[in-house]
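Observations on the three-dimensional arrangement
Read off the chains here:
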Amino acid sequence: MIGNAAMFLSRTLGRTLFAAAARSKHYATTAAAGGGEVRNPLQEFFEADRSPDDDKPVVYGRSWKACELRLKSWDDLHKLWYVLLKEKNMLMTQRQMLNAQNLRFPNPERIPKVRKSMCRIKHVLTERAIEEPDPRRSAEMKRMINAL
């Protein structure tokens, strides 16, 4: 029951934030200039709406393993890093919003999975930087990794 109340509240507050952003002059002018489908950037900080009548619990995946990440290219790892960063920001926003309302965060185990995956990506990228034979390129790679 508390989970359904938390979902309802997060949706309600999220919609309120979306409506406020849609009314802002800046959002209206940038949306009109962009053309195509109008999407509110604040929506990326909230999970997609689910029907509260769904009986099936949502199953979330596991964290990435280092051996899986070693098979990916440098560009793929950077893309995955930013997908995980976006997911982490979304989860932290949702958690903070629910904590402010004294409600329970529905899936707290997701945040450590995302953090663990991000640490493993950094580890794999650092391994590649260390193995780089060119010292200048290796130093440049390390700087890029530390900036993540």
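Computed from a predicted model, the values in this text were never measured in an experiment.

Quick notes on the overall build of the chain
The secondary structure content of the chain amounts to six helices and zero strands. Across the chain, helices and strands are ordered from the amino to the carboxyl terminus as α-α-α-α-α-α. Contacts in the chain between residues far apart in sequence, at least 24 positions, make up 65% of those at least 6 positions apart. In the structure as shown, the chain presents an accessible area of about 10,300 Å², 57% of it carried by carbon and sulfur atoms.

Some thoughts on the environment of Glu 140
With respect to the secondary-structure elements, Glu 140 resides in helix H6 (residues 135-147). Spatially, the C-alpha atoms of Glu 140 and Ala 129 are 8.5 Å apart, while their sequence positions differ by eleven residues.

Some thoughts on the environment of Arg 62
By the element assignment, Arg 62 lies in the loop between helix H2 (25-34) and helix H3 (66-69). Sequence separation between Arg 62 and Lys 113 is 51 residues, and the spatial gap between their C-alpha atoms is 6.5 Å. Beyond its immediate sequence surroundings of up to four residues, Arg 62 is in contact with Glu 68 and Lys 113. Among the polar contacts made by the side chain of Arg 62, one reaches the side chain of Glu 68 at a distance of 2.5 Å.

Some thoughts on the pattern of salt bridges
By the definition in use, this model includes four salt bridges. For the salt bridge of Glu 127 with Arg 70, the shortest nitrogen-to-oxygen distance reads 2.9 Å. Within this pair, whereas Glu 127 is found in helix H5 (residues 110-131), its partner Arg 70 is found in the loop between H3 and helix H4 (74-100), the two being separated by 57 residues in sequence. Assessed through its relative accessible area of 42%, Arg 70 is described here as partly exposed.

So, the side chain of Arg 110
With respect to the helices and strands, the residue Arg 110 is situated in helix H5. Taking relative accessible area as the criterion, Arg 110 reaches 7% and is therefore assigned buried. In terms of polar contacts, Arg 110 uses its side chain to reach the side chain of Glu 87, at 2.6 Å.

Some words on the nonpolar core
Among soluble globular proteins, nonpolar side chains are generally buried collectively. In terms of nonpolar packing, the biggest core is built from 20 residues, with Leu 69, Leu 77, Leu 84, Leu 91 and Ile 121 touching the most fellow members. Among the secondary structure elements, those contributing two or more residues to this core are H3, H4, H5 and H6. Leu 91 has contacts with Phe 105, Arg 110, Ile 111 and Val 114, leaving out every residue within four places of it along the chain.

A closer look at the confidence of the model for the chain
Summing up the model confidence of the chain, the mean pLDDT is 77 and the portion of residues at 70 or higher is 63%. No element of the chain has a lower mean pLDDT than helix H1 (residues 2-23), which averages 47, and none a higher one than H5, which averages 95. Scored below 50 in pLDDT, residues 1-10 shows eleven contacts in the model against residues more than four places distant or in partner chains.

Definitions and limits used
Residues numbered from 1 in each chain as written. Predicted model: local features only at pLDDT ≥ 70, side-chain atom pairs only at ≥ 80, totals over all residues. Heavy atoms only, no water. Helix = DSSP H or I, 4+ residues; strand = E, 2+ residues; numbered from the N terminus. Contact = heavy atoms within 4.5 Å. Areas by Shrake-Rupley, 256 points an atom, 1.4 Å probe, with all protein chains shown as cover. Polar contact = N/O pair within 3.5 Å; in protein donor to acceptor, adjacent residues only side chain to side chain. Salt bridge = Lys/Arg side-chain N within 4 Å of Asp/Glu carboxyl O. Buried < 20%, exposed > 50% of the residue type's maximum accessible area, 1.4 Å probe, protein only. Core = buried A, V, L, I, M, F, W, Y, C linked by side-chain atoms within 4.5 Å. pLDDT = per-residue confidence, 0-100.

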